[in-house]
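These are the residues of each chain, in order.
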Amino acid sequence: MTLDLITIPCLSDNYAFLVVSPDGKRAALIDAPEVAPIKKVLQDRNLTLTDILITHHHADHIDGVEGLRTPGVRVIGAKADAHRLPALDLMVEDGDHFDLFGQTVDVLDVSGHTKGHLAFYLAASGYVFTADSLMAAGCGRLFEGSADLMWASLSKLAALPPETLVCSGHEYTTSNIRFALSLEPGNSALISRQSQVAAMRRENMPTVPSRLAEELSTNPFLRANLSEMKTLLGMADATDAESFAEIRKRKDRF
Ligand code: ZN
Ligand code: FE
């Protein structure tokens, strides 16, 4: 069964997510950019917060943790990053899994944006929480990891079932698509995604989460391994990771 998912806009362009228990009374939070909007949703829906899952150490993903932590709330994050995260009740690493409302959460290390960046995958609900690794039509900047590391991380996410909902951390989709079109102006899936996203943003609707299948057809960072992409980059003989590195470099300058 699919657990209910609530997307909560925070700060200027961040997203936090709540996953709701089957009885509709409890919720787990993925990332805590700030306290107020999350508290408001919990109150409005009469939800008790039971867990806070942290993807990575950046302030715009953890600053709300202490203000939301109450006795009994389980805070879960990367063992490798415990020294720079709020106090953890459960430390996890790649390959670990834990129970959430009767469903298994698989922990994936998706380092690259930071080292120790985690993604949380709920196979039974078809959700993956990717924060600043795989994003809608983009990926996070490489602040701590190498291009090789990020490519390996994105490849893990790309291998999930295509119907998976990618719950990423920011509303960057409009500018991500503008960049993607500069590389692949003839990608028809990308062209139609641009008009869909523009329509959603006009209504102030989040463009996150997005379907993995759509990312595979439009996100240039997931398309680095395709020979047509390598040809567009003028590097037909490059490895997948080299092609990814070039796309990331061009995006940084875009
Ligand atoms: Zn970040
Ligand atoms: Fe972020």
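Residues numbered from 1 in each chain as written. Chains lettered and ligands numbered in written order. Predicted model: local features only at pLDDT ≥ 70, side-chain atom pairs only at ≥ 80, totals over all residues. Heavy atoms only, no water.

**Description of the coordination of the zinc ion (ligand 1)**
Those donors, His56 (NE2), His58 (ND1), His113 (NE2) and Asp132 (OD), are the protein atoms that reach the zinc ion (ligand 1), and they lie 2.2 to 2.3 Å from it. Note that the zinc ion (ligand 1) binds four donor atoms; their angles at the metal cover 85 to 172 degrees, and the shape is irregular. Sequence spacing among the residues donating to the zinc ion (ligand 1) works out to H-x1-H-x54-H-x18-D. (Donors = N, O, S within 2.8 Å, 3.2 Å for Na, K, Ca; no water. Tetrahedral: all angles 85-135°; square planar, octahedral: opposite > 155°, others 65-115°.)

**Let's talk about empty space enclosed by the protein**
Within this structure, the stated rule accounts for one cavity of 30 Å³ or more. In this structure, the largest cavity encloses a volume near 30 Å³. As for the largest cavity, its lining consists of Tyr15, Phe17, Ile30, Asp31, Thr55, Phe129, Thr130, Ala131, Cys167, Ser168 and Gly169. Breaking the lining of the largest cavity down by element, the ones donating at least two residues are strand 2 (14-20), strand 10 (127-131) and strand 13 (165-168). Across the lining of the largest cavity, the residue classes break down as six nonpolar, four polar and one charged. (1 Å grid on protein atoms, 1.4 Å probe; cavity = no way out; pocket = protein on both sides within 12 Å on 5 of 7 lines; lining within 4 Å. Points joined across faces, edges and corners; volume = space filled by probe spheres on them. Helix = DSSP H or I, 4+ residues; strand = E, 2+ residues; numbered from the N terminus. Nonpolar A, V, L, I, M, F, W, Y, C, P; charged D, E, K, R; others polar.)

**Considerations on helix 4 (residues 147-158)**
Counting along an α-helix, one turn takes 3.6 residues, and residues three or four places apart therefore face a common direction. Between the first and last C-alpha of helix 4 there are 16 Å, a value that for twelve residues agrees with the 16 Å anticipated at 1.5 Å per step. Of all the positions in helix 4, only Ala147, Met150, Trp151, Ser153, Leu154 and Leu157 are classed as buried. All buried residues of helix 4 fall inside an arc of 160 degrees around its axis, so they share one side. (Expected span 1.5 Å × (residues − 1). Buried < 20%, exposed > 50% of the residue type's maximum accessible area, 1.4 Å probe, protein only. Arc of directions from axis to C-beta.)

**Comments concerning unusual backbone geometry**
Excluding glycine, a negative phi dihedral is what most residues carry, and trans is how most peptide bonds are arranged. Cis geometry marks the peptide bond from Val208 to Pro209; its omega dihedral reads 0 degrees. With a phi close to 60 degrees, Asn46 is a non-glycine residue in the positive phi region. Within the secondary structure, Asn46 is located in the loop between helix 1 (36-44) and strand 4 (48-53). Its identity is not glycine, yet Asn204 carries a phi of approximately 60 degrees, on the positive side. Residue position: Asn204 is located in the loop between helix 6 (188-202) and strand 14 (210-211). On the accessibility criterion, Asn204 (61% relative accessible area) is exposed.

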